[in-house]
Amino acid sequence: MDLFQAPDYYNIDDLLTEEHKLVRDASREWVKREVSPIIEEYAQRAEFPKQIIGGLAEIGAFGPYIPEEYGGSGLDQISYGLIMQEIERGDSGVRSTSSVQSSLVMYPIYKYGNEEQRKKYLPKLASGEWMGCFGLTEPNHGSNPGGMETKFKDMGDHYLLNGAKMWISNAPFAQVAVVWAKNEEGRIHGLIVERGMEGFSTPETHNKWSLRASATGELIFDNVKVPKENLLPNKSGLGAPLGCLDSARYGIAWGAIGAAMDCYDTALRYTKERTQFGKPIAQFQLQQKKLAEMITEITKAQLLAWRLGVLRNEGKATSAQISMAKRNNVDMAINIAREARQMLGGMGITGEYSIMRHSMNLESVITYEGTHDIHLLITGLDITGLNAFK
């Protein structure tokens, strides 16, 4: 039974609107009911539970900030963050699935696409009838996406796409891929590639020790004919995919709080119930030190994410501010997961508790969509004006 109780040491609920709390509580209840009872089994089997896709759509996890006319929920950025927090409290892999669908597939089609593309794709993606993926990372280009080798040629009545992408969430079952590739002049553009196009395949990535309940794969393009109307017309250059990553990284900054809260809540409950030397281990100073540090770091992360959400709503948040929150909050979460694992002793490595699964998942989250070190250098560039990447 999922007994999770969310910590709110600084009464951050007082900063939220009634709508924010309704959205969050609905997501929390859904996770308790639909995700928690099955997620350990699916993680052990290394399988994504596809039966939850409809539920994710119902709680608004697909494109929550996309306008209602395109099938979205028309919610603000804080609501989006809170949904990601609650889903990642259940599992980072499930949050990855919804995060990719929202920020990396629906967002670019909405922001960079035309009206025909919005009407064709967004309602089906919002309902979960179609799932999407985002093709940026390549075998030879991770932290340096501008070096991508995937290319497309203008063949007159269509484009011819060649190349490969890897570490792509949702790839094995996605109907739609938003793919970033260079044209003949070397300019980066987004193309919508659909399953079934000849020469397009999505082999699954196996033997993962992390995000085991999330489907990961490659995107292979072997002379794929892409219709010209599938080019995203309203933005090109590296700034286009990076704009999508801003939205996704913002969601991760909230999501990681959910994983941390779950580890903290589990450790707090366990240490109050577990007795050694005649008293609950929560009475020992070292355990109290760990718990006190955990709740302090969670509270700081909550305030960072909330303030960033306000800035996002006002259109004022910078990419560097988003990088800071992503880096800080994931680092906070992975450290809390490690401490919580120790507090549970041997029980901490079993699937009876969520902690080891969170620990393994966060090893991916701290690396994807900008590694821990890359985000540090983004902040360094922002405060010094000096580019360490060159």
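The rules behind these values
- Residues numbered from 1 in each chain as written.
- Predicted model: local features only at pLDDT ≥ 70, side-chain atom pairs only at ≥ 80, totals over all residues.
- Heavy atoms only, no water.
- Salt bridge = Lys/Arg side-chain N within 4 Å of Asp/Glu carboxyl O.
- Helix = DSSP H or I, 4+ residues; strand = E, 2+ residues; numbered from the N terminus.
- Buried < 20%, exposed > 50% of the residue type's maximum accessible area, 1.4 Å probe, protein only.
- Domains from an automatic or database assignment.
- Contact = heavy atoms within 4.5 Å.
- Buried area = accessible area lost by both parts, 1.4 Å probe.
- Polar contact = N/O pair within 3.5 Å; in protein donor to acceptor, adjacent residues only side chain to side chain.
- Nonpolar A, V, L, I, M, F, W, Y, C, P; charged D, E, K, R; others polar.
- Core = buried A, V, L, I, M, F, W, Y, C linked by side-chain atoms within 4.5 Å.
- UniProt positions renumbered as here; feature names shortened; annotations may be inferred.

Description of the pattern of salt bridges
Evaluation of the coordinates by the stated rule reveals 23 salt bridges. We note a salt bridge from Glu-40 to Arg-357, for which the minimum N-O separation is 2.9 Å. Note that Glu-40 is positioned in helix H1 (residues 18-45) and Arg-357 in helix H9 (residues 355-365), a separation of 317 residues in sequence. The two residues Glu-40 and Arg-357 agree in class, both being buried. Via salt bridges that share partners, Asp-2, Arg-89 and Asp-262 belong to a single interconnected network.

Side note on the domain arrangement of the chain
With domains assigned, the chain is organised as domain 1 (12-127), domain 2 (132-236) and domain 3 (239-384). For domain 2 and domain 3, the distance between their C-alpha centroids amounts to 30 Å. On the side of domain 3, twelve residues touch domain 2, which itself brings ten residues to the contact. Across the domain 2 to domain 3 interface the summed buried area is about 940 Å²; carbon plus sulfur atoms make up 75%. Put simply, domain 2 and domain 3 have zero salt bridges between them. Summed over the shared surface of domain 2 and domain 3, the number is four residue pairs in polar contact (both at pLDDT 80 or more). Taken together, the residues of the side of domain 2 that touches domain 3 sort by class into five nonpolar, three polar and two charged.

Let's talk about the nonpolar core
The tendency in soluble globular proteins is for nonpolar side chains to be buried as a group. Ranked by internal contacts, the top residues of the largest apolar core, which has 98 residues, are Leu-56, Ile-78, Ile-87, Ile-109, Trp-180 and Met-332. Here this core takes 17 residues from helix H6 (residues 239-273), the largest share from any one element. By size, the runner-up hydrophobic cluster in this structure holds 19 residues, among which are Phe-152, Leu-219, Val-224 and Val-226.

Examining the UniProt feature "domain: Acyl-CoA oxidase/dehydrogenase middle" (unreviewed entry) in the chain
Feature annotation in UniProt assigns "domain: Acyl-CoA oxidase/dehydrogenase middle" (unreviewed entry) to the following positions: residues 133-224. End-to-end, the C-alpha atoms of residues 133-224 are 17 Å apart, and along that stretch the chain is 0% helix and 48% strand.

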